[in-house]
Amino acid sequence: MPEIHPSIRELDILCAETRAPSCGVVVFGASGDLTRRKIVPSLLRLYQRDLLHEGFYLLGCGRQELSDVAFREHLAEALDGRGVEPALREDFLSRFYYTSGSYDDPALYAALAARIEELDRTHGVQEAHVFYLAVPPGLYPTVVDHLGEAGLNRVAGHDCSRPPRLVVEKPFGRDQATAEELNNRIGRHFAESQVYRIDHYLGKETVQNILMFRFANTIFEPVWNRNFVDHVQLTIAESVGVEHRAGYYDTSGALRDMFQNHMLQMLTLATMEPPASFDAEAIRDEKVKLLRSIRPIRVGGPWGPDILRARYTAGRVDGRDVPGYLDERGVQPDSQTETFVAARLFVDNWRWKDVPFYLRTGKRLARKLTEVAITFKQVPHSMFASVGLADMPANQLILKIQPDEGIALSFQAKRPGAKTCISTLTMSFNYSELFGTEAPEAYERLLLDCMLGDPTLFSRQDAVQVSWALLAGVLEAWAKAEAPLHEYPAGSQSFAEADRLIQADGRLWRPLGDS
Ligand code: BG6
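Predicted model only: the values in this text are computed from it and were never measured.

Strand-to-strand pairing in sheets goes through backbone hydrogen bonds, with the strands running parallel or antiparallel. Taken in spatial order, the six strands line up as 3-2-1-4-5-6 in an open sheet, and their pairing is parallel. The open sheet has two free edges, formed respectively by strand 3 (96-100) and strand 6 (195-197), since each of these has just one partner strand. Adjacent strand axes in the sheet meet at a mean angle of 20° when their direction is disregarded. Contacts between helix 2 (residues 68-76) and the sheet are confined to strand 2 (56-62) and strand 3, with strand 3 contributing the most and set at about 120° to the helix.

Once that is clear, we can look at the pairing of strand 15 (residues 406-414). Looking down a regular strand, the side chains alternate between one sheet face and the other. Bridge analysis of strand 14 (residues 396-402) against strand 15 gives five bridges, and the strand direction is antiparallel. By the bridge assignment, Ile398 is partnered in strand 15 with Ala408. Where strand 14 folds back on strand 15, the antiparallel hairpin that results is connected by three residues.

Quick look at the environment of Tyr103 now. Within the secondary structure layout, Tyr103 lies in the loop between strand 3 and helix 4 (106-123). Apart from the residues within four sequence positions on either side, Tyr103 is in contact with Phe28, Gly29, Cys61, Gly62, Arg63, Leu108, Tyr109, Val135, Leu139, Thr142, Val143 and His146.

Strand order in this open sheet of nine strands is 16-15-14-13-7-12-11-8-17, and the pairing throughout is mixed. Whereas interior strands pair on both sides, the edge strands pair on one side only; in this sheet they are strand 16 (422-430) and strand 17 (485-489). Each strand axis lies, on average, 20° off the axis of its neighbour in the sheet, ignoring direction. Sitting on the sheet, helix 7 (residues 205-215) touches strand 13 (369-376), strand 14 and strand 15, and the angle it makes with strand 14 is about 145°.

Let us look at the packing of helix 1 (residues 33-48) against helix 12 (residues 442-452). One way to put it is that helix 1 packs onto helix 12 with a least axis distance of 8 Å and a crossing angle of 70°. Between helix 1 and helix 12, the angle falls in the class roughly perpendicular. Contacts between helix 1 and helix 12 pair Leu34, Lys38, Ile39, Ser42, Leu43, Arg45 and Leu46 from the former with Tyr443, Glu444, Leu447, Leu448 and Met451 from the latter. Tallied by class, residues from the contact of helix 1 with helix 12 come to eight nonpolar, one polar and three charged.

Let's shift gears to the nonpolar core. Side chains of nonpolar character tend, in soluble globular proteins, to be buried together. Counting 150 residues, the largest nonpolar core has Phe28, Leu43, Tyr132, Phe259, Leu345, Phe357 and Met451 as the members making the most contacts within it. Among all residues touching Met451, those that are not within four sequence positions of it are Ala20, Pro21, Cys23, Val25, Leu43, Leu46, Leu52, Phe56, Ala128, Val130, Arg162 and Arg165.

This part takes up the site of the ligand. Around the ligand, the structure places Lys170, His200, Tyr201, Lys204, Glu238, Arg245, Asp257, Met258, His262, Lys363, Lys368 and Gln402. Here an oxygen atom of the ligand sits 2.4 Å away from a polar atom, N or O, in the side chain of Tyr201. Contacts to the ligand include Lys368, whose side-chain N or O atom sits 3.0 Å from an oxygen atom. Coverage of the ligand by the protein chains reaches 82% of its 400 Å² of free accessible surface. Broken down by element, the shell around the ligand gets its largest block of residues, three residues, from helix 9 (residues 253-271). Across the shell around the ligand, the residue classes break down as two nonpolar, three polar and seven charged.

A few words on the side chain of Glu169. Summarising the element assignment, Glu169 is placed in the loop between strand 5 (165-168) and helix 6 (176-187). Salt bridges are absent for the buried Glu169, whose nearest opposite-charge side chain, Lys170, sits at 6.7 Å. A distance of 2.9 Å separates polar atoms of two side chains, one belonging to Glu169 and the other to Tyr443.

Here the focus is empty space enclosed by the protein. Taken as a whole and judged by the stated rule, the model has five cavities of 30 Å³ or more. Estimates place the volume of the largest cavity at around 190 Å³. Around the largest cavity, the lining comprises 16 residues; the ones closest to its centre are Gln260, Asn261, Gln265, Ser459 and Val464. Listing elements by their share of the lining of the largest cavity, those giving two or more residues are helix 9, helix 10 (280-293) and helix 13 (461-479). Broken down by element, the lining of the largest cavity gets its largest block of residues, five residues, from helix 9.

We now examine the environment of Leu470. Along the polypeptide, Leu470 turns up in helix 13. Expressed as a C-alpha distance, the spacing of Leu470 and Gly173, which sit 297 residues apart in the sequence, is 14 Å. When near neighbours in sequence (up to four residues on either side) are disregarded, Leu470 contacts Leu264, Ile294, Arg295 and Ile297.

Quick notes on the rules
- Residues numbered from 1 in each chain as written.
- Predicted model: local features only at pLDDT ≥ 70, side-chain atom pairs only at ≥ 80, totals over all residues.
- Heavy atoms only, no water.
- Pairing = 2+ DSSP bridges.
- Helix = DSSP H or I, 4+ residues; strand = E, 2+ residues; numbered from the N terminus.
- Axes fitted to C-alpha atoms, helices over the stretch in contact; angles between N-to-C directions.
- Contact = heavy atoms within 4.5 Å.
- Parallel < 35°, antiparallel > 145°, perpendicular 65-115°, else oblique.
- Nonpolar A, V, L, I, M, F, W, Y, C, P; charged D, E, K, R; others polar.
- Core = buried A, V, L, I, M, F, W, Y, C linked by side-chain atoms within 4.5 Å.
- Buried < 20%, exposed > 50% of the residue type's maximum accessible area, 1.4 Å probe, protein only.
- Near = heavy atom within 4 Å.
- Polar contact = N/O pair within 3.5 Å; in protein donor to acceptor, adjacent residues only side chain to side chain.
- Areas by Shrake-Rupley, 256 points an atom, 1.4 Å probe, with all protein chains shown as cover.
- Lys, Arg positive; Asp, Glu negative; His and termini not counted.
- Salt bridge = Lys/Arg side-chain N within 4 Å of Asp/Glu carboxyl O.
- 1 Å grid on protein atoms, 1.4 Å probe; cavity = no way out; pocket = protein on both sides within 12 Å on 5 of 7 lines; lining within 4 Å.
- Points joined across faces, edges and corners; volume = space filled by probe spheres on them.

Written as structure tokens, this is what we have:
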């Protein structure tokens, strides 16, 4: 691991990291993939960084019958290779318990209530409970209703000081109507302040840094508008395919899986107005305002669509041959599901009027790459035209989200020598090189915030509703097959129609690079 860079003096680092209070976390769907791959490793990192309270425990819940010991064994392999000392590993795992039952059986919730009371006493939990829905979305209403009916939605009789929180994984509905239905259902039992809707992109360090970058500096905000910005490109490209999740993905597609949530969240952070304070509601208010300012998306008409879809065919990614989407295990033979969405959006407000935002997200592309790229306008007049330098590249600012996390700013400078030569230079920094540490896993931050009761990085009900409303026309047109489903070979950079969308405006997608 590289040393922390000398240019970052201790005094320069403003840290506001708070330890979790005593807390019992109850995970529904605990024997599943999410618990093993994300939740447990993230809790381990918090534990290693001393951010978990001594009064912490996790009570897993699932249909599969498991003893506490078997549950710990099942989780143990998720800790392998993470450099945990044996004593710490044992202590950490000893905080995991399991209760099995059927999600629609009131007896399960009665058993949970009794177990929570017992474990609270064993671990001295006095402050918080978190209920985490890591079950398939079809089960959310069942679990939520039963939690409410068992009284587990309220401050427990044995005096936990904060109301319990409910963590809901995406997908949060599959359109405006189902999202509203789910919100109403949850709202019967839990107040909005108790509901934590996860969008794991908001837990990524570099996504959060968009806010710091914009609002903790004075030099960028004055140029962060239509007077200086030519256009913005937002990219979430993945080289992976649907993996083992075809059952879910084939009923979802890139628009629901990535665009409605992760892409629109990145867009709002990059474009919203400065909130008055770093306060959950102030930030979430600005995000909703921004979402409401997005111009309705054209799916067709005389000017052509502003949004396009495609799916991958067989190709080559990361040096190996991979099947097309229709040949993935679990995909329906007549599937019309898109794996790539490209769009041009506009934000109709004073700051952004008529600045195009080009968004693209796809699976099985040439390379994994997530970034926000801001291209500024060209100089209004080139005084170097007389020496043959009329067209100079515009300045670009790239907020690199993953896999190389950092920021790069390109500008023109004189190349050394007697002649008038201009080169494009890039000033860049890389997080892990500079801070000497790997960025924390997104879930780490989100789980900690949830235990602390800080909802800043979670989606509020109105934001979810507005984002679905924005996509309502697109979902409808696509469901009726009113727009073509294009194709691209796996390993591509893009697809032809998406290229034409941006080229029609005289611009190009930024290259993804090679795998
Ligand atoms: C999830 C999607 O929300 O995000 C997946 O359901 C996608 O389909 C994943 O692969 C991407 O997350 P990340 O953190 O790897 O960029």
